[in-house]
Structure formats: structure tokens, C-alpha cells
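Coordinate inspection notes
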Amino acid sequence: LNMAPAPKRAKTASAAASTADANVSQMRGLIPPGVVKEQLPVGDELAKNVVKWRKEVAAILNGDDDRLICVVGPCSVHDVDASSEYAQKLKALADRHKNELLVVMRVYFEKPRTTIGWKGLINDPDLDGSWDINKGLQRARGFLKTVGEMGLPVGTEFLDTISPQYT
């Protein structure tokens, strides 16, 4: 799979060409979702837990389960190591209060209200302006998998219509 940057377009003098992609400095292809899923597969146990957690959320929302849902977590994940440590601590609390609460870790990878500055882990995983979205997609899926394998449900919001294909 060749993920090298696409060659820059030749400059033309036409008026239409001068307005096309005026704010685009380069384009790079996205790694296909199937490749990311092959690299970071979800095992049977995690898949079963995801289904179970979704059913638990539905039961609570429908009033069939008396527990409360607590969505807890950072504004956005930028440091997966620190966020993994947070998840471990949250998992211990979730286990302690499992009869009263369904604790769901908030895991956001994009910053919807940020108009300038860092746009989130998916868009800029190294926090350096490199915009390595392929690395960001892989890191995001890997983090979701890690937290899920801890036994902690996650809740996220994808702002880009392509991102959910990678989870």
C-alpha cells in the first residue's frame, strides 16, 4: 500500500484553476478502513462486550435498568498513555459502583469547536502540525480497543463521516 504524498499539481494560469483548492497545500490518500481493521482486529470477547454495553445503555435509557449512565472523561484524548492510565483508574471506580452506575469513558478524538490550533488526535496525532491522519486513525482505533479490552465501555463522537468506518 503506497501512502506517499501525492505529487503537487502543476500550476496553471486559468482563473478556475487559481480558485480550486486555494487552501490545500498537499493531498495524501487515507489508509483503507479494512487495512486498519486487519492491523487492529477486535476479538470475539470485545465484540460481545460492545454488544452487551450497547444493550445495557438501551435498557437504562428505556427505564428497564435502574442504574444511571455516567459518561466521564477528558475533553479529548491527546496522550494515549495518560488516557490509558486514566481508563484504568476509571475502570476500578466503574467496578466498585457497577450496581448503581454504568460508567462509560468519554473518548473524543476530534475537537469540534476548535477553530484554530490543534484539531485532535485523528487529525494531528503527534501534536506537531504534520496532519498524519492515517497514524491518527490507527492510534484512535488502537486506543478504543485498549480501553474496551480493559472492560470499560467507551462513548465517542465522530465529526467526520469517514471516521466511524475505522472503529
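Residues numbered from 1 in each chain as written. Predicted model: local features only at pLDDT ≥ 70, side-chain atom pairs only at ≥ 80, totals over all residues. Heavy atoms only, no water.

1. Some points on the pairing of strand β1 (residues 68-72)
Alignment of β1 against strand β2 (residues 101-106), held across five bridges, turns out to be parallel. Within β2, the position partnered with Val72 by the bridge is Met105. Crossover β1 to β2 through helix α4 (residues 80-96) is right-handed. (Pairing = 2+ DSSP bridges. Helix = DSSP H or I, 4+ residues; strand = E, 2+ residues; numbered from the N terminus. Right-handed = clockwise from strand over helix to strand, strands pointing away.)

2. Quick notes on the pattern of salt bridges
Tallied over the full model, the rule gives eight salt bridges. Glu56 is the partner of Lys52 in a salt bridge, and the nearest nitrogen-oxygen pair spans 3.7 Å. Here Glu56 and Lys52 lie together in helix α3 (residues 44-61), a separation of four residues that amounts to about one turn. Since its relative accessible area comes to 19%, Glu56 is described here as buried. Salt bridges sharing partners connect three or more residues here, namely Lys52, Glu56, Asp65 and Arg67. (Salt bridge = Lys/Arg side-chain N within 4 Å of Asp/Glu carboxyl O. Buried < 20%, exposed > 50% of the residue type's maximum accessible area, 1.4 Å probe, protein only.)

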